[in-house]
Amino acid sequence: MSWTSSLQRKLSEGLPYDQLLPDEQPAYVHSYVYLFGVATIGSFVLLVVTGVILAAFGPQWWHGAAVGHFFNSLHFWAAQAFFFFMVVHLWTAFFQGAWRDGRGLTWVSGVVTFLVSIVTAFTGYVSQQNFDSQWIATQGKDAMNSVGVGAFFNVLNFGQMYGFHVFIMPVVVAGLMGVHLTLVRLRGVVRPYDLPGPSKRRVSEVA
Amino acid sequence: MDAPAHYFHWGFILISTANLIVIALMILVFAAAILVPYPSGKGKQR
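Computed from a predicted structure; not experimentally measured.

### Overview of the interface of chain B and chain A
Right, on to step 1. Contacts between the two partners involve 16 residues from chain B and, on the opposite side, 17 residues from chain A.
Right, on to step 2. For the pairing of chain B and chain A, the buried interface totals around 1700 Å² over both sides, and the portion due to carbon and sulfur atoms is 71%.
Right, on to step 3. For the pair chain B and chain A, the interface holds 0 salt bridges.
Right, on to step 4. The element that contributes the greatest number of residues to the side of chain B that touches chain A is helix 1 (residues 17-35) of chain B, accounting for 8 residues.
Right, on to step 5. The residue makeup of the side of chain B that touches chain A, split by class, is 12 nonpolar, 2 polar and 2 charged.

Shown next, in the form of structure tokens:
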């Protein structure tokens, strides 16, 4: 069997077409804590939309015009919301042991997405084109040089950082989020831990 | 914006007030998400 046929069979078995956008979930998913992942995705969509508008008009617009300022602020607060929800989602996954029952790769892909997002945010902070970004870049260059990547990742080079921020990093983050979501859909949401003690009903009995 | 940041300094802990507020908000939202009952709407359950 060719690799395309094998991939096609795996996908059609793991992700049947009629279950791609499920309208029901296990009973234990009935809680607000399960909404932080999708809140992170929502913030990411807002980041991309505002980022495209900022990129289209450029630094003079986002620093000088009133509407530019507004979109600059929207992009900034979307980044705050993105990390806010991602960290609370991480806490939820951590305290539930979301890596259990064959979900190790789901957890690892989430952690990698988090780390790559930090680099993405950093390239954004040094792309602002103001004194703040100059300060961050001159401080950050020492960190890059100390780990030996300064020659390839020059934080004082606006063009390079801007290219990373508006194209390379968003594509990587979106790809990682796609992998993470696919794994969540393939393996489902982890069952909560059973309550201790013989008198308590087990999750497997109520779910 | 154009002023030095306020810092919370307690022993070896040194953190800007802005970061401290964000962390406190995250803990509050996390606790609220666990404690506040989810509305039992029309959605199907399994």
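From this point, the discussion proceeds with the structure in view.
### Concerning the environment of A:Glu24
Right, on to step 1. Among the secondary structure elements, A:Glu24 is positioned in strand 1 (residues 24-25).
Right, on to step 2. The spacing of A:Glu24 and A:Ala81 is 57 residues in sequence and 27 Å in space, taken between C-alpha atoms.

### Structural notes on the packing of helix 5 (residues 104-125) of chain A against helix 7 (residues 158-187) of chain A
Residues and elements named next belong to chain A.
Right, on to step 1. Interhelical geometry of helix 5 versus helix 7 gives an angle of 165° and a closest axis separation of 9 Å. In terms of axis orientation, helix 5 runs roughly antiparallel to helix 7. Considering the relative orientation of helix 5 and helix 7, their crossing is left-handed.
Right, on to step 2. In terms of residue class, the contact of helix 5 with helix 7 is built from 14 nonpolar, 10 polar and 1 charged.

### What about the confidence of the model for chain B?
Right, on to step 1. Chain-level statistics for chain B give a pLDDT mean of 87 and a share of 85% at 70 or above.
Right, on to step 2. When mean pLDDT is taken per element in chain B, helix 1 of chain B scores highest with 96 and strand 3 (residues 44-45) of chain B scores lowest with 52.

### Section: the pattern of salt bridges
Two side chains that carry opposite charge are able to pair once their charged atoms sit near each other.
Residues and elements named next belong to chain A.
Right, on to step 1. Summed over the entire model, instances satisfying the criterion amount to 3 salt bridges over all chains.
Right, on to step 2. Residue arginine 9 pairs with glutamate 13 through a salt bridge whose shortest N-O separation is 3.8 Å. Of the two residues, arginine 9 and glutamate 13 are both situated in helix 1 (residues 3-14); the distance of 4 residues between them amounts to about one turn of the helix.
Right, on to step 3. Overall, glutamate 13 belongs to the exposed group, its relative accessible area being 59%.
Right, on to step 4. Among the salt bridges present, the one from lysine 141 reaches aspartate 142, with a minimum N-O distance of 2.9 Å.

The rules behind the values
Residues numbered from 1 in each chain as written. Chains lettered and ligands numbered in written order. Predicted model: local features only at pLDDT ≥ 70, side-chain atom pairs only at ≥ 80, totals over all residues. Heavy atoms only, no water. Contact = heavy atoms within 4.5 Å. Buried area = accessible area lost by both parts, 1.4 Å probe. Salt bridge = Lys/Arg side-chain N within 4 Å of Asp/Glu carboxyl O. Helix = DSSP H or I, 4+ residues; strand = E, 2+ residues; numbered from the N terminus. Nonpolar A, V, L, I, M, F, W, Y, C, P; charged D, E, K, R; others polar. Axes fitted to C-alpha atoms, helices over the stretch in contact; angles between N-to-C directions. Parallel < 35°, antiparallel > 145°, perpendicular 65-115°, else oblique. Left-handed = near helix turned anticlockwise from the far one by under 90°. pLDDT = per-residue confidence, 0-100. Buried < 20%, exposed > 50% of the residue type's maximum accessible area, 1.4 Å probe, protein only.

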